[in-house]
Amino acid sequence: MSRNICLHWYPVAGARHAFPAELADTEHDEKVQAICDEVVSSTELHERSELAWITEPTCIRCWDQLFPDDPALAPAH
Ligand SMILES: [Zn+2]
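All values derive from a computational prediction rather than experimental measurement.

Engineer: Any chance you could explain the overall build of the protein here in plain terms?
Structural biologist: A count of helices and strands for the protein gives four helices and four strands. In the protein, the order of α-helices and β-strands from amino to carboxyl end is β-β-α-β-β-α-α-α. By residue count, 18% of the 77 residues in the protein fall in the buried class. Across the protein, every contact between residues at least 6 apart in sequence was considered, and the portion connecting residues at least 24 apart equals 44%.

Here you go:
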């Protein structure tokens with residue numbers, strides 16, 4: 001995967017997942033896919049609170065997609 005794409009992190013489906021920015025900007029109710037292959041409705045991306053962003057864990061599968069060679073930086077499970 002290219003490391004040059006712009007990603008937005010959203011707390012959906014129980015964890016913060018990374019979505020390509022152009023998908024996150026979708027205005028209509030469409031299925032959008034995180035880089036770990038989790039699929040959610042685009043409306044869910046914008047309905048979550050800042051508290052959810054803080055309290056939900058980072059998706060380890062998204063993290064591994066971005067930093068596969070750097071396990072020391074991985075968040076706690
Ligand atoms: Zn994910």
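Engineer: Looking at this structure, how should I read the environment of His28?
Structural biologist: You can see His28 is positioned in the loop between α1 (21-24) and β3 (31-33). Residue His28 is classed as exposed on the basis of its 6 C-beta neighbours within 10 Å. Once the C-alpha coordinates of His28 and Ser42 are considered, the two residues, 14 residues apart in sequence, prove to be 7.2 Å apart.

Engineer: Explanation requested: the environment of Val12 in the structure shown.
Structural biologist: Residue position: Val12 is located in strand β1 (residues 7-12). With 34 residues separating them along the chain, Val12 and His46 place their C-alpha atoms 9.6 Å apart. The residues contacting Val12, other than those within four sequence positions of it, are His17, Val40, Glu44, Leu45 and Arg48.

Engineer: Help me understand the nonpolar core, please; the structure alone is not making it clear to me.
Structural biologist: In a soluble, globular protein the nonpolar side chains are often hidden away together inside. In terms of nonpolar packing, the biggest core is built from eleven residues, these being Tyr10, Val12, Ala15, Ala18, Phe19, Val32, Ala34, Leu45, Cys59, Cys62 and Trp63. Counting residues per element, the ones that place at least two in this core are β1, β2 (15-20) and α4 (60-66). Looking at which element gives the most residues to this core, the answer is β2, with three residues.

Definitions and cut-offs
Residues numbered from 1 in each chain as written. Predicted model: local features only at pLDDT ≥ 70, side-chain atom pairs only at ≥ 80, totals over all residues. Helix = DSSP H or I, 4+ residues; strand = E, 2+ residues; numbered from the N terminus. Buried ≥ 20, exposed ≤ 12 C-beta atoms within 10 Å, placed from the backbone. Contact = placed C-beta atoms within 7 Å. Core = buried A, V, L, I, M, F, W, Y, C linked by C-beta atoms within 7 Å.

Any link to function would need more than the numbers given here.
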